[in-house]
Each structure stands twice: as structure tokens, then as C-alpha cells.
Amino acid sequence: MPKPIVWRDEWSLNIDALDSDHRALVEGLGEICLRFCPQASHAAGAGANDLLDALGVLGEQMREHFRREEAFMREIGYEGLGEQKNEHAMLMAEYAAMLREWKKTGVSVLDDSIQESVRHWLLSHILGGDTRFATSYFQLLGLDTARPR
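In what follows, the accompanying structure is described. (Residues numbered from 1 in each chain as written. Predicted model: local features only at pLDDT ≥ 70, side-chain atom pairs only at ≥ 80, totals over all residues. Heavy atoms only, no water.)

**Observations regarding the packing of helix H3 (residues 81–105) against helix H4 (residues 112–140)**
Then, in step 1: Following both chains from N to C, one finds H3 and H4 inclined at 175°, their axes separated by 11 Å at the closest point. Judged on the interaxial angle alone, H4 and H3 are roughly antiparallel. Across the interface between the two elements, Glu-83, Gln-84, Glu-87, His-88, Leu-91, Met-92, Glu-94, Tyr-95, Met-98 and Trp-102 from H3 touch Ile-114, Ser-117, Val-118, Trp-121, Ser-124, His-125, Gly-129, Asp-130 and Arg-132 from H4.
Then, in step 2: For the contact of H3 with H4, a count of residues per class yields eight nonpolar, six polar and five charged. (Axes fitted to C-alpha atoms, helices over the stretch in contact; angles between N-to-C directions. Helix = DSSP H or I, 4+ residues; strand = E, 2+ residues; numbered from the N terminus. Parallel < 35°, antiparallel > 145°, perpendicular 65-115°, else oblique. Contact = heavy atoms within 4.5 Å. Nonpolar A, V, L, I, M, F, W, Y, C, P; charged D, E, K, R; others polar.)

**Structural notes on the environment of Glu-60**
Then, in step 1: In this fold, Glu-60 is placed in helix H2 (residues 48–76).
Then, in step 2: Judged by relative accessible area, which is 42%, Glu-60 ranks as partly exposed.
Then, in step 3: Separated by 32 residues in sequence, Glu-60 and Met-92 have C-alpha atoms that sit 9.3 Å apart. (Buried < 20%, exposed > 50% of the residue type's maximum accessible area, 1.4 Å probe, protein only.)

**A few points about the packing of aromatic side chains**
Then, in step 1: By the definition in use, this model includes seven aromatic pairs.
Then, in step 2: Between the aromatic rings of Tyr-95 and Trp-121, the centroid separation amounts to 4.0 Å while the plane-to-plane angle is 20°, which identifies the pairing as stacked. On the criterion of sequence distance, the pair formed by Tyr-95 in helix H3 and Trp-121 in helix H4 is long-range, its members being 26 residues apart. Residue Tyr-95 shares its accessibility class with Trp-121, and that shared class is buried. (Phe/Tyr/Trp six-rings, centres within 6.5 Å; stacked < 30°, edge-to-face > 60°.)

**Topic: unusual backbone geometry**
Then, in step 1: The residue Asn-14 is not glycine, and still its phi comes out positive at about 65°.
Then, in step 2: The topology assignment puts Asn-14 in the segment before helix H1 (16–36).

**A closer look at the environment of Asp-130**
Then, in step 1: As for its placement among the helices and strands, Asp-130 is situated in helix H4.
Then, in step 2: According to the relative accessible area criterion, Asp-130 is buried, its value standing at 0%.
Then, in step 3: Residues within four places of Asp-130 in sequence aside, it is in contact with Leu-13, His-22, His-65, Glu-69, Met-73, Gln-84 and His-125.
Then, in step 4: Within the structure, Asp-130 has its side chain in polar contact with the side chain of His-125 (distance 2.7 Å). (Polar contact = N/O pair within 3.5 Å; in protein donor to acceptor, adjacent residues only side chain to side chain.)

Listed below in C-alpha cells is the structure:
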């Protein structure tokens, strides 16, 4: 059975509100992987809509996370907010395109390829723009950017 994604402490930004969201998103994807991987006994009986619904919920959770994150950035006056919002919009468009493709092909099992696509999509956000933001955030606070993880 494929190893589902699990939260790693090295992904932490050390910003509790964002880390909490990120952890919940990673855990949500892990649960989807377990429920719909090819080896799951009930995955064979699940319809394409069940998997797509679960992936749709994950996308909506990510959209809500983006809203909270942008509000947090606005609150502290983060200069890179516009860039971050653009990245969020592109990530959501990318995810919508993946969902459309999976719907078109009628996927009902989360195979390794789909798992890797969603994992990459999620981690590119956390390890990309959010890591850059965290560095700026700690600089704004006058703290060392090489904060402990």
C-alpha cells in the first residue's frame, strides 16, 4: 500500500495559525489516500463521485486556508500579499484543472500518480510561498530568520 502523506515537523513555519491549517490539510489528504488507495477494500466499491467529492472538499479547505492566510498577511501589513494572492489563485486554478481532468476520466481510485499530483500541489504551497512569507514575518518581528524548527 502506498505510504500516505503525514505531517513532518520540518514543514512547520512556527506560525501556529498557519501550521494548524497546514497540518489539517496534510492530514485530510492522508485520510483520502487511505480511503481511496487501490488497496483499500472499500475503494473498489466507491464511485468516482466519492473520490472526487473528497478531493473537492480538500480543495475547499485549501481555499478557506488561503482566505485566513491572506487576512493574517493583511493584518500585519505584509508587502508580498499581492504576490501571495496571485500564487493562491494559480494554485486553485491548477487544482480545479486537475479535478476536471479526473472527473472526465472517471477516476475512483487514488493511484500513485494522483496522490503525487495532490501531494506536490499542497506541498508547493507550504514549502514555497509560505516559507518565504514566514521568513519575512519573522524579520518584521525583528526575530532571527533562522528560527528553530
